Amino acid sequence: MRRALLVISLLCISVLSLAQTPWERLSKAPSTLHLEQGIDTYRTPEFIIKLVRSSQTAAALHPASDPAFDFTPGDSLKVRSSNGLYHLGDLNIRLKQPGDTAWKSFSTAAARKPIKAIKAGGAVLAAADLTETFASGMPLQVQRYWEVKNNQLVLRFVLHNPTKQAIEIGALGMPMIFNNLIERRTLEQAHVQNVFYDPYIGGQAGYLQVTRLNGHAPSLLVLPQANTSFEAYNPLLDDPTPRGIVFEGFYEWMALSKAYAEKEWKQADPWNRPTSILLKPGETKNYGVQLILSGTPRDIETTLRKNNRPVAVGIPGYVLPTDVKGKLFLEYKSPVKQIDIEPKGALSIEKTTAADKAIQAYAVNGKLFGRARLTITYQDGMQQVIHYKVINPERKTIEAFGDFLTTKQWYDNSNDPFHRSPGIITYDYEKQQQVDQDNRAWIAGLSDEGGAGGWLGAMMKQLVLPNKNEIAKLERFVDETLLGRIQVKEGPQQYGVRKSIFYYEPDSMPKGTYSSAINFKTWSAWPLKEANNLGRAYNYPHVAAAYWVLYRMARNHKGLVTNHNSDWYLEHAYHTITGMMEHAPYYTQFGLMEGSVFYFILKDLKAEGKTALADKLEVLMKKRAIQWNKLEFPFGSEMPWDSTGQEEVYIWCLFFGYEDKAAVTLNAILGYMPTLPSWAYNGNARRYWDFLYGGKTQRIERMIHHYGSELNAIPVLTEYRRKPEDLYLLRVGYGGVLGGISNITEDGFAPCAFHAFPATLKNDGINGDYGSGFYGYAINTATYITNDKKLGWLAFGGNVSEEGDWITVDITTAAQRNIFIAPVSLWISFDAGQVKAVSYNKRTKEIKLTLAPADAYTPMAYFRLESTTASATTYKPATNLSLEQGRFGLPLKNEVLTVVLQAQ
């Protein structure tokens, strides 16, 4: 979520001194790294690594193939040279000696002291005894080695117990310090110089992937070495580097975490079982990581295979609706010995086969709602942990979501002084009550992402599963609250969209209007003038999307929408866009979240023959696209870096033929949207500041499936349909789609995101800006059918079976309306009607669609057939069907109906 003018003045790169104060304070802190003693440079087959001589921590890590690039924040080394600031090579330990009642903490970064160098040579680049670097009382002897093993750079720590008593080590953390500091950088500089990194917290098979913001090679893989497990991923909140919009913060790789689980994390359910070790008198243990160069993000799994690391591929991912027959493919040199499931009975798993017999394949089914952990033990002793989220069937999930929004979040208060009734308002799930006041005006004000999230989600739900009773409430909302309150209904500012209809102006409101329990003395408690501001273009797509959905319901169904005809809704969607260009022109230079809805509105204007309106809209959009085409990285924002404009930028650049800029945009998305064997990080587009603006627990924190997941899936899946041989794109995109609904509770509450901090690991307390993400789910939801050479026939959004020449997929999506058949590059999209199953004949290429019976509001089915590649097979229905507006129509029956599509 992006915020208003005041936020920009505080947070953008060229800003006021207030935003620089933490950095000024940091720069004045006494330097303790003793940089004046020099920096040593070492070369390995893959890297040029520079170490601070006094500490032997990393000053830079350059790929040998690109020595101008640095994976570490080496350019901020001088300002980050005081005590408490972590660097690659530091170590955190918690331990207990006999008689201790509490864990003792030790860190090489806390109070710097020069290391005691150990003579290096051969494979060892540099080595040091760190014992005296820790605070006094450290009972262990700790040594660190930078070395080359099998041509790979290794960071290894040796822990030795010189005492006569056993010592329990309850936490061992290796700070992973890479250059995600975007401070004082332009968008162009950030995409060339910075990285993001994502954890696979998968035990001994875990890894950290470090990718460039532009999505280009090289990437970096951090792999476990020696006895090291990736047990937990802990934010280094004590590092004084200022965290905020331009810096997410640093993390540490935790090989042991029991001490944290007993204290800071005791209220949370950790990703893995927390462990400790008992180091006996005279005993020595080694821990460490390998640093390995890789290519682009899509090359990471290939690099893992080359380095004999387990590779897991989950289909359709790691979010499993209980009616989906998932698949898990494992590639590793050693056979599987044992598989354990926690909680017991949460999943079922049984052996199956893949097309490539060297791949170990399993059928996986979700049984119990919630998180589940699959621990795979291979015969060579390697353990791999895969994290699943089991959810209810998509249909049941989306039905519960719509019901929650239109009952628990339905706000019907005729005495509301801010005229928000009737509407769908923010909800606090922890308190089980509506949020009608907040010092962030938008949260209670039904606009902006954080306030519009409820009603936008309810609108988009109708595109997936229309419900007459819910639509009736939404029609009231449009006529009584949206048009005339949120959006200006008439006059010179007509179609402008206000930033909020809740505001803080106590002198003009009756005494007692505002809660005394809320601190309104903050910039975000907007007065009426600021709340009425029409200049934030980001607010307009929400409104346009609402009109567009009701247009679709009125146009394609009978009796679902009664207050206005379809033309009224479509034209109001159009005027909302032109109103944006008139009243909020500044921000239209940026891509807007949900901005792809403007493209869908344009398509419908053309289909309806509203040529004059369509032509004007296309001209307006092309002006924006021309501007983007001139930029090196065309997805700026009101924030210094962002991950939501890419969706609209990609769609319009593709539409107007600026394919090179569409490719730049897609590569950037793949740089921050990984595929990993974890429901939390698979398809999770990066966002780390919106808990401040749309959450209840307000802090800078990596967000698990914030709205970026589903929005960024729009370009990724669109690109997949253009390149159906690229399974990587489908895995990433579908991870975002299912990830977007993975946080919906069983009773239908949808939070703005899930908290990644290991002390929390739960949903946020309010719904916030979730609706923007659900827009992406509604647009993306589809069934994809493909045949992979190594894995065989696969279905995303359905259950696949094979009999003779026929491949049949039973559809499991809630909407049951969009299908992509990759072998023939055919996109089948239904405006009305549902598909229960699809069958494809791999010899004749014939396709059969099994349609659901008619219902009271859907007497007709309407569908389109679109070839997505130049070499695609073209299709037409075997029987004559009416063709209007580029779509086929056929009357539905009171029983299932089969439609045959024949290849031409």
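Use the structure listed above.
Not measured: the values here are computed from a predicted model.

**Q** Hey, could you run me through the overall build of the chain in this one?
**A** A count of helical and extended segments in the chain gives 20 helices and 44 strands. Relative to the compact-globule value of 29 Å for 904 residues, the chain shows a C-alpha radius of gyration of 28 Å, a close match. Dimensions of the chain along its principal axes, counting C-alpha atoms only, are 85 × 75 × 50 Å. Burial statistics for the chain: of 904 residues in total, 64% are counted as buried. When contacts within the chain are restricted to residue pairs at least 6 apart in sequence, long-range pairs at least 24 apart make up 69% of them. Accessible area of the chain: about 31,500 Å², with a carbon and sulfur share of 48%. Side chains of the chain give 97 positive and 89 negative charges; the mean places of these two sets differ by 3 Å.

**Q** Looking at this model, I keep getting lost on the pairing of strand 36 (residues 818-821). Mind explaining?
**A** Strand residues, when the strand is regular, have side chains that alternate between the two faces of the sheet. Neither face of strand 36 is exposed, since Asn-818 and Phe-820 on one face and Ile-819 and Ile-821 on the opposite face are all buried. The sheet contact formed by strand 32 (residues 783-788) and strand 36 spans 3 bridges and is parallel. By the bridge assignment, Ile-785 is partnered in strand 36 with Ile-821. Sheet topology places strand 36 next to strand 37 (residues 826-832); 4 bridges connect them, and they run antiparallel.

**Q** So what exactly am I meant to see when it comes to the environment of Ser-55 here?
**A** With respect to the helices and strands, the residue Ser-55 is situated in the loop between strand 2 (47-52) and strand 3 (58-63). Classification of Ser-55 by relative accessible area gives buried; the value is 6%. Aside from chain neighbours lying at most four places away, what touches Ser-55 is Leu-33, Arg-112, Ile-115 and Arg-144.

**Q** How do you make sense of the sheet that holds strand 38 (residues 835-841) when you look at a structure like this?
**A** Reading across the sheet, the 6 strands line up as 34-35-38-39-44-41 and stay open at both edges, with antiparallel pairing between neighbours. Of all strands in the sheet, those with a lone pairing partner are strand 34 (798-803) and strand 41 (875-877), marking the two edges. Across the sheet, the mean angle from the axis of one strand to that of its neighbour is 20°, orientation sign disregarded. In the sheet, strand 39 (residues 847-851) pairs with strand 44 (residues 897-903) via 5 bridges, with the strands oriented antiparallel. In the sheet register, Leu-851 faces strand 44, and the bridge partner there is Leu-897.

**Q** Looking at this structure, how should I read the sheet that holds strand 11 (residues 195-200)?
**A** Strands belonging to one sheet form pairs held by backbone hydrogen bonds; the direction of such a pair is parallel or antiparallel. The strand order 6-7-8-9-17-13-12-11 describes an open sheet built from 8 strands, whose pairing is antiparallel. The sheet terminates laterally at strand 6 (116-118) and strand 11, the two strands that pair on one side only. On average, each strand axis in the sheet is tilted by 20° relative to the strand beside it, whichever way the strands run. As paired elements, strand 7 (residues 124-129) and strand 8 (residues 141-149) share 5 bridges and run antiparallel to each other.

**Q** Any chance you could explain the pattern of salt bridges here in plain terms?
**A** Should the charged atoms of two oppositely charged side chains come close, the side chains can pair. Scanning the entire structure with this criterion turns up 53 salt bridges. Residues Arg-686 and Asp-198 are paired through a salt bridge, measuring 2.9 Å at the closest nitrogen-oxygen approach. Pair noted here: Arg-686 is in the loop between helix 16 (659-672) and helix 17 (690-694) and Asp-198 is in strand 11, with a separation of 488 residues, a long-range link. Here Arg-686 matches Asp-198 in class, with each residue buried. Between Glu-719 and Arg-722 there is a salt bridge, and its shortest N-O distance comes to 3.0 Å.

**Q** Where do I start with the packing of helix 18 (residues 708-722) against helix 19 (residues 727-741) in this structure?
**A** In a packed pair of helices, the relevant descriptors are the angle between the two axes and the axis-to-axis distance. One way to put it is that helix 18 packs onto helix 19 with a least axis distance of 8 Å and a crossing angle of 150°. When the interaxial angle is binned, helix 18 and helix 19 end up roughly antiparallel. Relative to helix 19, the crossing made by helix 18 is left-handed. Of the residues in helix 19, those touching helix 18 at Ser-709, Glu-710, Ala-713, Val-716, Leu-717, Glu-719 and Tyr-720 are Leu-727, Leu-729, Leu-730, Val-732, Gly-733, Tyr-734, Gly-736, Val-737 and Gly-740.

**Q** Looking at this structure, how should I read the nonpolar core?
**A** Most often, soluble globular proteins keep nonpolar side chains buried together rather than apart. Residues Phe-178, Leu-328, Trp-455 and Met-460 are the most contacted members of the largest nonpolar core, which totals 258 residues. Excluding anything up to four places from it in sequence, Leu-328 contacts Ala-312, Val-313, Gly-314, Tyr-318, Gln-360, Ala-361, Tyr-362, Val-364, Leu-374, Ile-376, Ile-386 and Tyr-388. With 27 residues, the next largest nonpolar core counts Ile-821, Phe-830, Ile-847 and Tyr-875 among its residues.

**Q** Can you walk me through the packing of aromatic side chains in this structure?
**A** Any aromatic ring pair is given by two values, namely how distant the centres are and how the planes are angled relative to each other. Scanning the entire structure with this criterion turns up 62 aromatic pairs. On the numbers, 5.9 Å between centres and 70° between planes, the contact of Phe-230 with Tyr-233 is edge-to-face. Accessibility expressed as a relative area gives 7% for Tyr-233, which makes it buried. Each ring, one from Phe-401 and one from Phe-774, has its centre 4.5 Å from the other, and the planes form 40°; the classification is tilted. One end of the pair, Phe-401, is in helix 6 (residues 394-407); the other, Phe-774, is in helix 20 (residues 770-780), and 373 residues separate them in sequence.

**Q** Mind showing me how you'd approach unusual backbone geometry here?
**A** Only a minority of non-glycine residues have a phi that is not negative, and only a minority of peptide bonds are not trans. Cis rather than trans, the peptide bond between Ala-217 and Pro-218 has omega equal to 0°. If you trace the backbone, Pro-218 turns up in the loop between strand 12 (207-212) and strand 13 (219-226). The linkage connecting Ser-421 with the following residue, Pro-422, adopts the cis geometry, with an omega of -5°. Within the element layout of this structure, Pro-422 appears in the loop between strand 26 (410-411) and strand 27 (423-424). One non-glycine residue, Asn-151, lies in the positive phi region at around 70°.

**Q** Quick question: what am I supposed to make of helix 20 here?
**A** Three- or four-residue spacings in an α-helix give side chains the same orientation, since the helix completes a turn every 3.6 residues. When you tally the buried positions in helix 20, you get 11 out of 11 residues, the bulk of the element. Buried within helix 20 are the following residues: Tyr-770, Gly-771, Ser-772, Gly-773, Phe-774, Tyr-775, Gly-776, Tyr-777, Ala-778, Ile-779 and Asn-780.

What counts, and at which threshold
- Residues numbered from 1 in each chain as written.
- Predicted model: local features only at pLDDT ≥ 70, side-chain atom pairs only at ≥ 80, totals over all residues.
- Heavy atoms only, no water.
- Helix = DSSP H or I, 4+ residues; strand = E, 2+ residues; numbered from the N terminus.
- Rg over C-alpha atoms; globule rule 2.2 N^0.38 Å.
- Buried < 20%, exposed > 50% of the residue type's maximum accessible area, 1.4 Å probe, protein only.
- Contact = heavy atoms within 4.5 Å.
- Areas by Shrake-Rupley, 256 points an atom, 1.4 Å probe, with all protein chains shown as cover.
- Lys, Arg positive; Asp, Glu negative; His and termini not counted.
- Charge placed at Lys NZ, Arg CZ, Asp CG, Glu CD.
- Pairing = 2+ DSSP bridges.
- Axes fitted to C-alpha atoms, helices over the stretch in contact; angles between N-to-C directions.
- Salt bridge = Lys/Arg side-chain N within 4 Å of Asp/Glu carboxyl O.
- Parallel < 35°, antiparallel > 145°, perpendicular 65-115°, else oblique.
- Left-handed = near helix turned anticlockwise from the far one by under 90°.
- Core = buried A, V, L, I, M, F, W, Y, C linked by side-chain atoms within 4.5 Å.
- Phe/Tyr/Trp six-rings, centres within 6.5 Å; stacked < 30°, edge-to-face > 60°.

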